[in-house]
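# What the coordinates show
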Amino acid sequence: MTKYRDLNCEDFCLSLLTSETEEEVIKVLKENDLWDNRAVWKPYGEIPNNRSIVSNQQSSAVAALVEKIVNSIDAVLTGECLRAGVDPKSSKAPKTMRQAAANYFLVPDGRIQSLDASERTKLAEHIQLVACGTKENPAYIIIDDGEGQAPDDFPTTFLSLVRDNKVRIPFVQGKFNMGGTGVLQFAGDNSFQLIISKRQPFAASNPSTNLWGFTVVRRLYPDNDHPQSMYVYLAPNNRILHFDSNSLPLRPGKFPDAYGKPLDAGTCIKIWNYKMQKGLKTLATLDLRYELEQFLPEPVLPIRICERRQYKANFYDTTMSGLNAVLADNSDNIEFADSSILKI
């Protein structure tokens, strides 16, 4: 009998999560007889020839990472809409992202630059970006306490392609349904991506769906029977692996602990050996934060960035609120060549 039929799914999930390199992920998969068994891997988006879709997206590693952050913002806004008892696709739902931030998080006019630094930091706990792995080959974890997804819904949400999942939700940004696959071409040699999620209890259709689900995405290279490479996800017996647990240690602890604090529901995504462009593999709280602020000049929710690699730094956690917030915080120190009024 193959080992995967005897898996302790929670232990297996956490073993994958705490792997810090591609080699460690491969080792965990091999130990459970999952690495070479093509029968347990399904095509991403149910499209065998999916490489053309996945490989023709962002040309920048940072832009691809931003796509993940945008998806987390969408999930948190949608989760709060559901918590309020409002169907996100109904006429009662907010019409814009700013309206959703104002309604559910009391952000004045939905613009986070109107909040002070402590208020933004508190709000940023909903979404965290954690840098781990190694200095040379960083790994990144994106965690949110948004709506989350039930295991059986993974194929039509996280793992879907070119569907209309969010088209009818007016207050979200990621509507093109590329499945967050922009990061895969930058994720090491194997395009590993771990997805862990649990539906929020107030959003679950019934208690039986309120389980943790998880899968691993990878790139399968051509062999004698498969002339083209394709992106696949782990689904033994055509099911997303799942288990029951009140919470998981998915949130970062105090430096240098990348894990340890509980997440009761929501989503955690990890990518390994990320091919970040030159100069951005340094402290995530500095150079990467500055780059993200330019790609997201005005996010409706702030992001908490946590550095957990072995760096020496003055601080290991910071809040990213976008370039407009930086300008608003420093408007008295900004000089212009003319007398134009800066409108933030």
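Residues numbered from 1 in each chain as written. Predicted model: local features only at pLDDT ≥ 70, side-chain atom pairs only at ≥ 80, totals over all residues. Heavy atoms only, no water.

## Overview of the overall build of the protein chain
Within the protein chain, the secondary structure is distributed over eight helices and 12 strands. The C-alpha radius of gyration of the protein chain comes to 20 Å, within 12% of the 20 Å expected for a compact globule of 344 residues. Relative to its 344 residues, the protein chain shows a buried fraction of 55%. Considering only contacts in the protein chain between residues 6 or more positions apart, those separated by 24 or more positions represent 70%. Carbon and sulfur atoms form 49% of the exposed surface of the protein chain, whose accessible area is close to 15700 Å². (Helix = DSSP H or I, 4+ residues; strand = E, 2+ residues; numbered from the N terminus. Rg over C-alpha atoms; globule rule 2.2 N^0.38 Å. Buried < 20%, exposed > 50% of the residue type's maximum accessible area, 1.4 Å probe, protein only. Contact = heavy atoms within 4.5 Å. Areas by Shrake-Rupley, 256 points an atom, 1.4 Å probe, with all protein chains shown as cover.)

## Notes on the nonpolar core
Counting residues in each nonpolar core, the largest one holds 60 residues, and the members touching the most others are Leu129 and Tyr274. Elements represented by at least two residues in this core include exactly helix H4 (61–83), helix H5 (97–105), strand E2 (127–133), strand E3 (138–144), strand E6 (230–234), strand E10 (266–271), helix H7 (284–295) and strand E11 (303–307). The element best represented in this core is H4, accounting for 11 residues. Counting 39 residues, the second largest nonpolar core, distinct from the first, contains Cys13, Leu16, Ile196 and Cys268. (Core = buried A, V, L, I, M, F, W, Y, C linked by side-chain atoms within 4.5 Å.)

## Quick notes on the side chain of Lys198
Inspection of the secondary structure assignment puts Lys198 in strand E4 (residues 193–198). One buried charged residue, Lys198, forms no salt bridge at all, with the nearest opposite charge on Asp244 at 5.3 Å. If sequence neighbours within four positions are ignored, Lys198 has contacts with Glu147, Gly148, Gln149, Asn210, Leu211, Trp212, Ser245, Asn246, Asp264, Ala265 and Gly266. (Lys, Arg positive; Asp, Glu negative; His and termini not counted. Salt bridge = Lys/Arg side-chain N within 4 Å of Asp/Glu carboxyl O.)

## Let's talk about the pattern of salt bridges
Taken as a whole and assessed by the stated rule, the structure comprises 11 salt bridges. The partner of Arg251 in a salt bridge is Asp145, and the shortest N-O contact between them spans 3.5 Å. Taken together, the positions of Arg251 in strand E8 (residues 248–251) and Asp145 in the loop between E3 and E4 put the pair 106 residues apart, joining distant regions of the chain. Take Arg251: its relative accessible area is 13%, and that puts it in the buried class. One connected set of salt bridges, linked through shared partners, spans Arg98, Arg111 and Glu298.

## With respect to the pairing of strand E5 (residues 212–220)
Most of E5 is tucked away, with nine of its nine residues classed as buried. Covered by surrounding structure in E5 are Trp212, Phe214, Val216, Arg218 and Leu220 together with Gly213, Thr215, Val217 and Arg219, the residues of both alternating faces. Here E4 pairs with E5 via six bridges, running antiparallel. Its bridge partner lying in E5, Ser197 is registered against Gly213. Bridge analysis of E5 against strand E7 (residues 241–243) gives three bridges, and the strand direction is antiparallel. By the bridge assignment, Trp212 is partnered in E7 with Phe243. Relative to E6, E5 runs antiparallel, the two being bridged by four bridges. (Pairing = 2+ DSSP bridges.)

## Considerations on H4
For H4, spanning 23 residues, the distance from its first C-alpha to its last is 34 Å, which sits close to the expected 33 Å at 1.5 Å a residue. Within H4, 20 of the 23 residues are buried, which leaves the element mostly enclosed by the surrounding structure. Of the residues that open H4, the one with a side-chain oxygen 3.2 Å from the backbone nitrogen of Val62 is Ser60. Phi for Gly85, located one or two positions after H4, is positive at around 80°. (Expected span 1.5 Å × (residues − 1). Polar contact = N/O pair within 3.5 Å; in protein donor to acceptor, adjacent residues only side chain to side chain.)

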